There are 2 protein chains.
Amino acid sequence: MPVSKQPRNQHVRTRRDHATELAEDYVEAIDDIEREKGECRVTDLARQFGVTHVTVNRTVSRLQRDGLVETQPYAPVTLTRRGQRLADQSRKRHEVVLQFLLALGVSEETARVDAEGIEHHVSDETLRIMQQFTASQ
Amino acid sequence: MPVSKQPRNQHVRTRRDHATELAEDYVEAIDDIEREKGECRVTDLARQFGVTHVTVNRTVSRLQRDGLVETQPYAPVTLTRRGQRLADQSRKRHEVVLQFLLALGVSEETARVDAEGIEHHVSDETLRIMQQFTASQ
DNA sequence: CCGGAAGCGTAGCCGGTGCTACGCTTGCAC
DNA sequence: GTGCAAGCGTAGCACCGGCTACGCTTCCGG
Ligand SMILES: [Mn+2]
Ligand SMILES: [Mn+2]
Ligand SMILES: [Mn+2]
Ligand SMILES: [Mn+2]
């Protein structure tokens, strides 16, 4: 996977980060829920994200349109191969950011919350540096 | 200013961060541009954010509705007292995050871009820790 | 086997944030 | 003073991602 070119304009990059954010968080959550209870239901996602099942429904439809998940009426939501790959990548990056915040001395609860937003704005360079920092602690 | 209660759910917090993000970035940009060239024009903001002047127009209207900026047709955009206060706070936080990334060893260009997104997801606790880290370097 | 609770789907609403197309206003060069 | 380029405003479009209201499906306990 080639590293996508970074826009010169920082706001353009941030908007791009946000455009992919929900997809990353959803596939990660689906993977988590599958691991924990065998299957992922719309209701599980609604609880996870603090939104109604209606919002989840339409988000899942978009993800299906984009080839990241599969779902049928009244059936669980599953990841496609592409979705699984994205989930793996997203979890890895999320974990690096979380462990970095903890290594820095941030409390568990705050680190958990902050990492959820920060993870999407960390470039490859910064991610490597965070990883090194955590390892060196 | 009392510290607003942090939601239990990390995604709820992240959504809240995003809801205030554009306002923070706009007032900060308006303040920057005023400092640099005396007045802030719609076109300046369009260039700064990498969007069309139409998008800026409607965003500025919302900011005016919310009491953060003042503007009249064909006139510069100015900050209200509330807008100026928000700009000051936002700049301070932005600067702490940027200096932290630099202290961590991230290159200038990457730090500039990453900080633009990260700044909105850093809680007070994490901000303090970042500040201490930077000072201790 | 069946009734009710939980889960799910859909219609229709809203605000936000991007765009193109098009025409008006302003200010400067000449 | 005029004309033109840059700036600006507005209409109208699209997609995203929240919501309530309402009705259908599933599945489990008795
Ligand atoms: Mn995540
Ligand atoms: Mn996240
Ligand atoms: Mn920003
Ligand atoms: Mn963000």
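First, a word on what this report is: a plain description of the structure on this page. Just so we're clear, the structure is a prediction, and the values are computed from it rather than from any experiment.

A closer look at the protein's contact with DNA strand D
The local shell around DNA strand D holds 20 residues, among which Arg62 of chain A together with Arg41, Thr43, His53 and Asn57 of chain B are the closest. Counting only atoms of DNA strand D within 4 Å of the protein, the sugar-phosphate share comes to 56%. Within the side chain of Arg65 of chain A, a nitrogen or oxygen atom sits 3.0 Å from a phosphate oxygen of DNA strand D. Measuring from a phosphate oxygen of DNA strand D, one finds a side-chain N or O atom of Thr43 of chain B at 2.5 Å.

A short note on the packing of aromatic side chains
Any two aromatic rings considered together are summarised by their centre-to-centre distance and by the angle between their planes. In total, this model carries six aromatic pairs over all chains according to the counting rule given. Considering the side-chain rings of Phe133 of chain A and Phe133 of chain B, the 5.7 Å spacing of their centres and the 80° angle between planes classify their relative orientation as edge-to-face. Of this pair, Phe133 of chain A sits in helix 6 (residues 124-135) while Phe133 of chain B sits in helix 6 (residues 124-135), placing the two residues on different chains. Its relative accessible area of 14% is what places Phe133 of chain B among the buried residues. Look at Phe100 of chain B and Phe133 of chain B: their rings are 5.4 Å apart centre to centre, the planes differ by 65°, and that puts the pair in the edge-to-face class. You can see Phe100 of chain B sitting in helix 4 (residues 81-104) and its partner Phe133 of chain B sitting in helix 6, a full 33 residues away along the chain. Per residue, the accessibility class of Phe100 of chain B equals that of Phe133 of chain B, and both read buried.

Quick notes on helix 2 (residues 42-49) of chain B
Among the residues of helix 2 of chain B, Asp44, Leu45, Ala46 and Phe49 of chain B are the ones counted as buried. On its buried face, helix 2 of chain B is in contact with helix 1 (10-37) of chain A together with helix 1 (10-37) and helix 3 (53-65) of chain B. The positive-phi residue at the C-terminal boundary of helix 2 of chain B is Gly50 of chain B, with phi of around 70°.

Digging into the side chain of His121 of chain B
Examined against the element boundaries, His121 of chain B turns out to sit in the loop between helix 5 (108-118) and helix 6. Accessibility expressed as a relative area gives 1% for His121 of chain B, which makes it buried. Reaching out from His121 of chain B, the side chain makes a polar contact with the side chain of Asp17 of chain B at a distance of 3.1 Å. When neighbours within four sequence positions are excluded, His121 of chain B is seen to be in contact with His18, Asp114, Gly117, Ile118 and His121 of chain A together with Arg13, Thr14, Asp17 and His18 of chain B.

Structural notes on the interface of chain A and chain B
Interfaces are frequently sized by the accessible area removed from exposure as the parts join. With 38 residues of chain A at the interface, the matching set in chain B holds 38 residues. For the pairing of chain A and chain B, the buried interface totals around 3,300 Å² over both sides, and the portion due to carbon and sulfur atoms is 53%. The three residues of chain A that bury the most area against chain B are Gln10, His11 and Val113 of chain A, which together make up 17% of that side's buried surface. Linking chain A with chain B are two salt bridges, by the criterion used here. A salt bridge links Asp114 of chain B to Arg13 of chain A, with the shortest nitrogen-to-oxygen separation between them at 3.0 Å. Inspection of the region where chain A meets chain B yields 22 residue pairs in polar contact (both at pLDDT 80 or more). Elements that contribute at least two residues to the side of chain A that touches chain B include exactly helix 1, helix 2 (42-49), helix 4 (81-104), helix 5 (108-118) and helix 6 of chain A. Among the elements that take part in the side of chain A that touches chain B, helix 1 of chain A stands out by supplying nine residues, more than any other. Along the lines of polarity and charge, the residues of the side of chain A that touches chain B split into 12 nonpolar, 15 polar and 11 charged.

About the cut-offs
- Residues numbered from 1 in each chain as written.
- Chains lettered and ligands numbered in written order.
- Predicted model: local features only at pLDDT ≥ 70, side-chain atom pairs only at ≥ 80, totals over all residues.
- Heavy atoms only, no water.
- Near = heavy atom within 4 Å.
- Polar contact = N/O pair within 3.5 Å; in protein donor to acceptor, adjacent residues only side chain to side chain.
- Phe/Tyr/Trp six-rings, centres within 6.5 Å; stacked < 30°, edge-to-face > 60°.
- Helix = DSSP H or I, 4+ residues; strand = E, 2+ residues; numbered from the N terminus.
- Buried < 20%, exposed > 50% of the residue type's maximum accessible area, 1.4 Å probe, protein only.
- Contact = heavy atoms within 4.5 Å.
- Buried area = accessible area lost by both parts, 1.4 Å probe.
- Salt bridge = Lys/Arg side-chain N within 4 Å of Asp/Glu carboxyl O.
- Nonpolar A, V, L, I, M, F, W, Y, C, P; charged D, E, K, R; others polar.

So yeah, pure geometry; function would need other evidence.
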